Amino acid sequence: MLSGSLAVKSTAKVALKNNWTNVIIGSCIFMFSVLICNITASIINIALGQIGSFIILFAGTVFLSMPLFLGLLRYIWRILLGVCDNPVSVFYYFSQKCLYKKAMVLIFVLGIRALLWYAVLNIPSLVVKIVSSEVVYELLNVPMPIWTANLNNTVVFLNSLSAVLLCLIMLKLYLSPMLFVADDNIEVAEAIHMSTVISKKTAIDYIYLIFSFLGWIVISLFIIPLIFTLPYILTSYLVHSRFAVADYNNHIENSHKNDFSYDNVEF
C-alpha cells in the first residue's frame, strides 16, 4: 500500500517550498501555449469555419502544448531530485529533433489508444442512435416505432458509461508520462509496459489522489487561477508516481520469484 494522499501532498508542498516562483513560470509557459492555440482557433473559426478551427486547435494542442506539458513534467521532476533548472527548460523536447520525435511518439501512442478504445466503447451508443434515428425508418419506408422516443435516455447513459470505462482502461497508462520524463533513455514502449505493470497495484491510490483534488479543481475554476494550483497538482502526481515506482522496486527486491519475471525501474 502506498503512502496516502496527505503524505503525497505534504511531500509535494515541501518540494515546492523554495521553488514556487520557478514552477509557476514554467506552468505559465505551458498555459500560454494552450491560450494561444485557443485564440488562434477562434480566429480561424471566423475565417474558415469550425473544421478549420478544429484542425488548428488539434494541431496546436498535439504538436505544441503536449510536448510543452511533458517538458513541464520533466522540469518539476528534476526539482524533486534537487535540481532547479531554468524554467525555459520546459522547451526541452523542442531542443533536439530526436527528443521532439520521441515525445511525439508517446503522445500519438497514448492518443491513438484512447481513440481506439473510445470508438469501441461507443459502439453500443451508436447502435442505439441508429435504431432511434428517424432517417433510418424513412429509408426503410416503415413507420417509426413509438418506443424509440425513450431511447434518448439510453444513449445518454451509454455515453456516460463509455466515458467512465475509457478512464478506467486508460488508467493503467497513467504512469507513462512520469516514466518517460524521468529517464531520458527509456523507450516509449518500455514506459507504457512498465506503467501497465506498476499501475496494477497503484491505480486505486491514484484514484483517491484525484478525488482528493476535486476541491482544488473547483477552486481553480471559480476562485484561484489555475496558474497557482497546476504546479501543486502536477507535483503531487509526480510524487505519487515516485512512491509507486519505489514500492514496485521494493516488491521486486523482496520477491523470491525468478529475476526475469520483473524489471527494476531506475532513475
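For the structure, see preceding data.
Note that the structure is a prediction, hence the values are computed from the model and not measured.

A. Just the pattern of salt bridges, in detail. For the coordinates displayed, the defined rule picks out three salt bridges. The residue R78 makes a salt bridge to D85 at a minimum N-O spacing of 2.4 Å. D247 is the partner of K201 in a salt bridge, and the nearest nitrogen-oxygen pair spans 3.5 Å. On the criterion of sequence distance, the pair formed by K201 in helix α9 (residues 188-212) and D247 in helix α11 (residues 226-253) is long-range, its members being 46 residues apart.

B. Molecular detail of the packing of aromatic side chains. According to the stated counting rule, one finds eleven aromatic pairs in the structure shown. For the pair F54 and F58, a centre-to-centre distance of 6.2 Å together with 25° between the ring planes defines the contact as stacked. Taken together, the positions of F54 and F58, both in helix α3 (residues 50-80) and four residues apart, correspond to about one turn of that helix. Taking the relative accessible area as the measure of exposure, F54 reaches 56% and is therefore exposed. Residue classification places F58 among the partly exposed positions, given a relative accessible area of 43%. Through a chain of ring-to-ring contacts, three or more aromatic side chains come together here, namely F91, F94 and Y100. The aromatic ring of F213 is capped on one face by K9, whose charged end is 4.6 Å from the ring centroid. One Lys or Arg, R242, reaches over the ring of W77 and ends 5.7 Å from the middle of that ring.

Reading the values: rules and limits
- Residues numbered from 1 in each chain as written.
- Predicted model: local features only at pLDDT ≥ 70, side-chain atom pairs only at ≥ 80, totals over all residues.
- Heavy atoms only, no water.
- Salt bridge = Lys/Arg side-chain N within 4 Å of Asp/Glu carboxyl O.
- Helix = DSSP H or I, 4+ residues; strand = E, 2+ residues; numbered from the N terminus.
- Phe/Tyr/Trp six-rings, centres within 6.5 Å; stacked < 30°, edge-to-face > 60°.
- Buried < 20%, exposed > 50% of the residue type's maximum accessible area, 1.4 Å probe, protein only.
- Lys NZ or Arg CZ within 6 Å of the ring centre and 35° of its normal.

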